[in-house]
Amino acid sequence: MVGADAAAPDDTAGTVHTTQVGGIFIGGDATALLRNQALREVQAVSRIPMAVAVDDEGGRVQRLDRLDGELPSARSMAAQMTPDQVRELVAARADALRARGVTWNMAPTVDIGTQPATAVIGDRAVAGDAGTVISYATAYAEGQRERGVFTVLKHFPGHGHADGDSHRGRVRTPPLDQLKQADLLPYAELVGPGGPLATGGTGVMVGHLDVPGLTEDLPTSLTPATY
């Protein structure tokens, strides 16, 4: 999966035609690739059905707000809505994603934390306890999955207690033994054996994190033990 310029449908179609990548990720605020069925033209030059991904979490991180309205942040959803209401809201949003040609959503965030809302995770985290995160993440994921949108949980093994922004440089989390007490629980419960999301339709995004007890010179994304 490679990044695609959302403002340049022709360039994206050219990249797919030339490289036959398995998927594209549409980030940023531009919307040309999501309008007027532009993604049909991109799919048409792919020899196999191509994954089309966005990160439409809600709050500060969303891609359809200029087209189909805004979603509240994860923290706001948990504060103002029941899990069943979140499932219904996300299912409707998944319909909008599919209508525009999107097949994957890089959401929900299952990081655990109570950072200030504007911190790197901040209000992208549902709550500071694993039980609430698991409940709302299940509702979010099931709302997407029942409408045919592939779900991706993030940021494994847990960014909610890291000491900085991994988009900007190396960051450190608490030790692995501590992550096992909370940050890793959503993954164990949701996609572990017998979990509600364990049977297809769900992926996991690995973060770029330094985790004492797991990583050494390289971050989690480049450390085999993470996988």
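What comes next is a walk through the structure. (Residues numbered from 1 in each chain as written. Predicted model: local features only at pLDDT ≥ 70, side-chain atom pairs only at ≥ 80, totals over all residues. Heavy atoms only, no water.)

## Focus: helix H6 (residues 130-145)
How we decide: The secondary structure listing takes helices from DSSP runs of H or I that are at least 4 residues long and strands from runs of E that are at least 2 residues long, numbered from the N terminus. What a helix should span is 1.5 Å times the count of its residues minus one. Only protein chains enter the area calculation, which uses a 1.4 Å probe; residues under 20% of their type maximum are buried, those over 50% are exposed, and those in between are partly exposed. In what follows, a contact means two residues having at least one pair of non-hydrogen atoms within 4.5 Å.
Under the 1.5 Å per step criterion, the end-to-end length of H6 is 22 Å for 16 residues, consistent within 8% with the ideal 22 Å. Restricting attention to buried positions, one finds in H6 the residues Ala130, Val133, Ile134, Tyr136, Ala137, Thr138, Ala139, Tyr140, Ala141, Gly143 and Gln144. Of the surrounding secondary structure, the elements contacted by the buried residues of H6 are helix H4 (74-80), helix H5 (83-99), strand E4 (104-105), strand E5 (150-156) and helix H8 (185-191).

## As for the pairing of strand E3 (residues 51-54)
Convention followed: At least two bridges found by DSSP between two strands are what make those strands a pair. If the strands point away from the viewer and the path from the first strand over the helix to the second runs clockwise, then the crossover is right-handed.
Burial along E3 is two-sided: the residues Ala51 and Ala53 and Val52 and Val54 are all buried. For strand E2 (residues 23-26) and E3, the ladder comprises 3 bridges, and the chain directions are parallel. What sits directly across from glycine 23, in E3, is alanine 51. You can see the chain leave E2, run along helix H2 (residues 38-44) and come back into E3, and the turn it takes is right-handed. As defined by bridge partners, E3 adjoins E4 across 2 bridges and the pair is classed as parallel.

## Some thoughts on the sheet that holds E5
In space, the 6 strands of this open sheet follow the order E1-E2-E3-E4-E5-E6, with parallel pairing throughout. Each edge of the open sheet carries a strand with a single partner, namely strand E1 (2-4) and strand E6 (202-206). In terms of strand pairing, E5 meets E6 through 4 bridges, oriented parallel. When the bridges of E6 are listed, leucine 153 appears paired with valine 204.

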